[in-house]
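# Structural description and commentary
In case you want the letters, here they are:
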Amino acid sequence: MTDPNKPDQNISDDDWASAMSEQEQEETAASSEASDGEDEDPWAAAMAEQQAVEEEASAEDDRAADEAPASEAKAASDDVFRPLTQEGGATPSRDLEMIMDIPVKLTVELGRTKLTIKQLLELAQGSVIELDGLAGEPMDILINGYLVAQGEVVVIEDKYGIRITEIITPSERIHKLNR
């Protein structure tokens, strides 16, 4: 019998038998090494190692807890968070005082309209822009762009003002947005 890659070399059946037995010996040696040690799966080895580390840490924590006196044990949350009790009634007003100086923008809206750029450029002094609001209809009062109330225009000593006629609840705000 000859090797197809090397036609000049003759290979006997004994050579084939010895090569096959060598291969079988290598395979059995490899499989016995794998069964003697851990699985060759690196994930399994890593998980086993992590579990061992966690068990050691848990055992150390148990020993430290046994050594510490019970009177010194205290929850960390007591240091970080104030307990919620009824006696803290004065603190909400103090917390509210912190935001009293924050400025907000109040806007009163007479009405709205849409213009094209051509219409905008045609505007001149004395031009009249038609708004969608009707005369005598309550005007929207917006705080930082959010509708919070409606009112009517009043004139006091040659200055305009607005008298609030209705406070808008959050549910009414949502309903008005859908209009």
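This write-up is about the structure you can find in this document. (Residues numbered from 1 in each chain as written. Predicted model: local features only at pLDDT ≥ 70, side-chain atom pairs only at ≥ 80, totals over all residues. Heavy atoms only, no water.)

Another aspect to go through is the overall build of the protein. Counting secondary structure elements, the protein contains six helices and six strands. The N-to-C order of helical and strand elements in the protein reads β-β-α-α-α-α-β-α-β-β-β-α. Residues classed as buried in the protein amount to 7% of the 179 residues present. If you sum the accessible surface of the protein, you get close to 16400 Å²; carbon and sulfur atoms cover 54% of it. (Helix = DSSP H or I, 4+ residues; strand = E, 2+ residues; numbered from the N terminus. Buried < 20%, exposed > 50% of the residue type's maximum accessible area, 1.4 Å probe, protein only. Areas by Shrake-Rupley, 256 points an atom, 1.4 Å probe, with all protein chains shown as cover.)

For the rest of this paragraph, the subject is the side chain of Glu-109. Here Glu-109 is to be found in strand 3 (residues 106-109). Separated by 2.9 Å, the side chains of Glu-109 and Arg-112 make a polar contact. Look past the residues within four positions of Glu-109 in its chain and what remains in contact with it is Met-139, Asp-140 and Leu-142. (Polar contact = N/O pair within 3.5 Å; in protein donor to acceptor, adjacent residues only side chain to side chain. Contact = heavy atoms within 4.5 Å.)

Turning next to the pairing of strand 5 (residues 146-156). Both strand 4 (residues 139-143) and strand 5 contribute to a ladder of five bridges, which runs antiparallel. Residue Ile-143 lies in a different strand from strand 5, and its bridge partner there is Tyr-146. Linkage of strand 4 to strand 5, two consecutive antiparallel strands, is achieved through a turn of two residues, within which Asn-144 is found at a positive phi near 50°. Sheet topology note: the strand 5/strand 6 (residues 159-167) ladder contains eight bridges and is antiparallel. Note on strand 6: the bridge partner recorded for Gln-150 is Glu-166. The antiparallel hairpin formed by strand 5 and strand 6 contains two residues in its connecting segment, where Glu-157 sits at a positive phi of about 50°. (Pairing = 2+ DSSP bridges.)

In this structure, Glu-157 takes a positive phi of about 50° despite not being glycine. Within the element layout of this structure, Glu-157 appears in the loop between strand 5 and strand 6. Of note, Asp-158 is a non-glycine position whose phi angle comes to about 65°, a positive value. In this fold, Asp-158 is placed in the loop between strand 5 and strand 6.

Let us look at the sheet that holds strand 3. Here four strands make up an open sheet; going across it, the order is 3-4-5-6 and the pairing antiparallel. Lying at the two open borders of the sheet, with one neighbouring strand each, are strand 3 and strand 6. For this sheet, the mean angle separating the axes of adjacent strands, direction not counted, is 40°. Bridging between strand 3 and strand 4 involves four bridges; their strand directions are antiparallel. Paired with Val-108 across the two strands is Ile-141, which belongs to strand 4. (Axes fitted to C-alpha atoms, helices over the stretch in contact; angles between N-to-C directions.)

Bringing the side chain of Asp-140 into the picture now. Inspection of the secondary structure assignment puts Asp-140 in strand 4. Overall, the relative accessible area of 19% leaves Asp-140 in the buried class. Filtering out sequence-adjacent residues up to four positions away, Asp-140 remains in contact with Thr-107, Val-108, Glu-109, Leu-147, Ala-149 and Gln-150.

Moving on: the pattern of salt bridges. Tallying each qualifying case throughout the model produces two salt bridges. For the salt bridge of Glu-109 with Arg-112, the shortest nitrogen-to-oxygen distance reads 2.9 Å. We classify Arg-112 as exposed; its relative accessible area is 51%. Between Glu-152 and Arg-163 there is a salt bridge, with its nearest N and O atoms 2.8 Å apart. Taken together, the residues span a long stretch of sequence, with Glu-152 in strand 5 and Arg-163 in strand 6 at a distance of 11 residues. Using a relative accessible area of 35% as the deciding quantity, one classes Glu-152 as partly exposed. We classify Arg-163 as partly exposed; its relative accessible area is 46%. (Salt bridge = Lys/Arg side-chain N within 4 Å of Asp/Glu carboxyl O.)

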